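# Structure assessment
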Amino acid sequence: MSRTSAAARAKSVADRRKELAALLEDADRQLAELRHLRESLHDDDEHDPDGVSLSSEWSRLEGLRQSRLEALAEIDDAAARLERGEYGICSVCGKPIAAARLDARPGATECIDHAR
Ligand SMILES: [Zn+2]
């Protein structure tokens, strides 16, 4: 990996990290809004006619939040690997990960053959 591309990788990891942190914040905010909505519905209407759709929306958002948390953990790991000079190396076989794969997924820690 050349100096230039290493710097470009560091930037793409940092950008992706920022993006994921914002997405996670967004999911947190939506969950908080939904919680408020749920509480107000409970107060107003014992029968809770929207309870089912609210519940499915809740699980959708929880799933979204969880996957963003995991993506953020992955990108943190990638940032640590960058610092150790191990970025872009497959953690299974030790061979370089294809540039196209890192472009698509800056947090990738396995080559395409060893992808989870
Ligand atoms: Zn591999």
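Residues numbered from 1 in each chain as written. Predicted model: local features only at pLDDT ≥ 70, side-chain atom pairs only at ≥ 80, totals over all residues. Heavy atoms only, no water.

### A look at the overall build of the protein
Scanning the protein from N- to C-terminus turns up three helices and zero strands. Secondary structure elements of the protein, listed N to C terminal, follow the sequence α-α-α. Looking at the protein as a whole, 26% of its 116 residues qualify as buried. Sequence separation of at least 24 residues holds for 51% of the intrachain contacts in the protein that already meet a minimum separation of 6. Surface exposure of the protein reaches about 7600 Å², of which carbon and sulfur atoms provide 52%. (Helix = DSSP H or I, 4+ residues; strand = E, 2+ residues; numbered from the N terminus. Buried < 20%, exposed > 50% of the residue type's maximum accessible area, 1.4 Å probe, protein only. Contact = heavy atoms within 4.5 Å. Areas by Shrake-Rupley, 256 points an atom, 1.4 Å probe, with all protein chains shown as cover.)

### A word on the packing of aromatic side chains
By the definition in use, this model includes zero aromatic pairs. Positioned over the ring face of W58 is R38, at 4.6 Å from the centre of the ring. (Phe/Tyr/Trp six-rings, centres within 6.5 Å; stacked < 30°, edge-to-face > 60°. Lys NZ or Arg CZ within 6 Å of the ring centre and 35° of its normal.)

### Topic: the pattern of salt bridges
Summed over the entire model, instances satisfying the criterion amount to 10 salt bridges. Its salt-bridge partner being R9, residue D103 comes within 2.7 Å of it at the nearest N-O pair. Of this pair, D103 sits in helix α3 (residues 99–104) while R9 is found in helix α1 (residues 3–44), placing the two residues 94 residues apart along the sequence. What makes D103 exposed here is its relative accessible area of 54%. By relative accessible area, R9 is classed as buried at 13%. (Salt bridge = Lys/Arg side-chain N within 4 Å of Asp/Glu carboxyl O.)

### So, the coordination of the zinc ion
Only C90 (SG), C93 (SG), C111 (SG) and H114 (ND1) from the protein reach the zinc ion as donors, at distances of 1.9 to 2.3 Å. Angles of 99 to 117° at the metal separate the four donor atoms of the zinc ion, which places the site in the tetrahedral class. Read from N- to C-terminus, the donor residues coordinating the zinc ion fall into the pattern C-x2-C-x17-C-x2-H. With C90 in the loop between α2 (51–84) and α3 and C111 in the segment after α3, this residue pair connects regions lying 21 residues apart in the sequence. Grouping residues by exposure puts C90 and C111 together as buried. (Donors = N, O, S within 2.8 Å, 3.2 Å for Na, K, Ca; no water. Tetrahedral: all angles 85-135°; square planar, octahedral: opposite > 155°, others 65-115°.)

### So, the UniProt feature "zinc finger region: dksA C4-type" (unreviewed entry) in the protein
Cross-referencing UniProt, the feature "zinc finger region: dksA C4-type" (unreviewed entry) maps to residues 90–114 in the present numbering. Taken as a whole, residues 90–114 contains 24% helix and 0% strand, while its terminal C-alpha atoms sit 8 Å from one another. (UniProt positions renumbered as here; feature names shortened; annotations may be inferred.)

### So, the nonpolar core
Core analysis: the biggest nonpolar cluster contains 12 residues, these being V13, L20, L24, L72, I75, A78, Y87, C90, I97, L102, A108 and C111. Elements supplying a minimum of two residues to this core: α1 and α2. Setting aside residues no more than four positions away along its own chain, C111 makes contact with C90, C93, I97 and R101. L31, L34, L54 and W58 belong to the second largest nonpolar core, which has five residues in total. (Core = buried A, V, L, I, M, F, W, Y, C linked by side-chain atoms within 4.5 Å.)

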